[in-house]
Amino acid sequence: MNGKERIFRYTKIDENLAYLIGVYIGDGGIDRKQEYTQWSIDKDFIERVRYAYMQYLGKDLPEISYNNEKKLYVWRFGSKSYCEWIYGVTQGKSKIPDEIVNDKVLSKCCVEGLVDSEGWISKSKKPLNHCGTHGYSMGFCITEKNIFEFVFNTFQKYNVKVSKWKPQKKGNYKPLYSMRINIRDFDRADFYFCIRRKY
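In short, a report on the structure. Nothing here was measured: the structure is a model prediction, and the numbers come from that model. (Residues numbered from 1 in each chain as written. Predicted model: local features only at pLDDT ≥ 70, side-chain atom pairs only at ≥ 80, totals over all residues. Heavy atoms only, no water.)

Think of two packed helices as two axes; the pair is described by the angle between the axes and how far apart they sit. Direction vectors running N to C along helix α1 (residues 15–27) and helix α2 (residues 43–57) enclose 130°, while the axes themselves pass 10 Å from each other. By the angle between their axes, α1 is oblique relative to α2. Judged by the sense of rotation from one axis to the other, the crossing of α1 with α2 is left-handed. The residues of α2 that touch α1, namely those facing N16, L17, Y19, L20, V23 and D27, are F45, R48, V49, A52, Y53, Q55 and Y56. Looking at the contact of α1 with α2 residue by residue, the classes come out as nine nonpolar, two polar and two charged. (Axes fitted to C-alpha atoms, helices over the stretch in contact; angles between N-to-C directions. Helix = DSSP H or I, 4+ residues; strand = E, 2+ residues; numbered from the N terminus. Parallel < 35°, antiparallel > 145°, perpendicular 65-115°, else oblique. Left-handed = near helix turned anticlockwise from the far one by under 90°. Contact = heavy atoms within 4.5 Å. Nonpolar A, V, L, I, M, F, W, Y, C, P; charged D, E, K, R; others polar.)

Turning to the packing of helix α5 (residues 104–118) against helix α6 (residues 145–157), a few remarks are in order. Contact geometry of α5 with α6 gives a least axis separation of 10 Å together with a crossing angle of 125°. By the angle between their axes, α5 is oblique relative to α6. Between α5 and α6 the crossing geometry is left-handed. Facing K104, S107, K108, C110, V111, L114 and V115 of α5, the residues of α6 in contact are I147, F150, V151, T154, F155 and K157. Along the lines of polarity and charge, the residues of the contact of α5 with α6 split into eight nonpolar, two polar and three charged.

The next subject is the pattern of salt bridges. Here the structure, examined in full by the defined rule, presents four salt bridges. Here E63 ties to R50 by a salt bridge, and the two come within 3.2 Å at their closest N and O atoms. With a gap of 13 residues between them, E63 in the loop between α2 and β3 (65–67) and R50 in helix α2 connect regions that are remote in the sequence. Assessed through its relative accessible area of 62%, E63 is described here as exposed. When the shortest N-O distance is used, the salt bridge between K95 and D98 registers 3.2 Å. Using a relative accessible area of 24% as the deciding quantity, one classes K95 as partly exposed. Judged by relative accessible area, which is 47%, D98 ranks as partly exposed. (Salt bridge = Lys/Arg side-chain N within 4 Å of Asp/Glu carboxyl O. Buried < 20%, exposed > 50% of the residue type's maximum accessible area, 1.4 Å probe, protein only.)

For the rest of this paragraph, the subject is the packing of aromatic side chains. Within the structure shown, the criterion is met by 25 aromatic pairs. For the ring pair Y158 and F191, a centre distance of 5.3 Å and an interplane angle of 80° mean the geometry is edge-to-face. Here the residue Y158 occupies a position in the loop between α6 and β7 (167–168), and F191 occupies one in the segment after α7 (183–188), the gap between them amounting to 33 residues. The buried category is assigned to F191, whose relative accessible area is 4%. An aromatic cluster of three or more residues is present, and its members are F8, Y10, Y24, Y36, Y53, Y56, W75, F77, Y82 and W85. Looking at R48, its charged tip hangs above the ring of Y19, at a distance of 4.1 Å from the centre. The side chain of K108 reaches across the aromatic face of F191, ending 5.1 Å from its centre. (Phe/Tyr/Trp six-rings, centres within 6.5 Å; stacked < 30°, edge-to-face > 60°. Lys NZ or Arg CZ within 6 Å of the ring centre and 35° of its normal.)

Here you go:
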């Protein structure tokens, strides 16, 4: 286990914890040693996640490291109580807790965690006009259909337009559900990426 055993303490799911649940479902992992692990190419994302966890696990959390082989930042901490809680409340990353689904603000925070993990922004290869202005597109994808529907429904509540969606299946892999998101609507509804690369 990574360092000392850390006791997870919380009273209810707040906005911060709703965000972390979204992050876990998107990119987080739990190993057999009851260690939580977060991988990312974006150090600022993991720094944001690490800081958010201090509210529930204390400030003496392990530092972020860099894996040269995978060329990714990685962060781990040991907490059996937290790992058991997050795995159970999300039913193994397959369900959003009802406490979040039934609360519009918590839903938004959870979606922001999911989008930080599984969202993307791309820039057009060619300028759209003689001024050199490029176009940008934005989207979200995940393999769990009910998680995808939660994100879709939350955007609907905030009047964020998204594209029609259908599963994309390749070989024996699980279907991948994806959507494009209207960037202006996303911004007007005060959704945001915490990752600078995705601004």
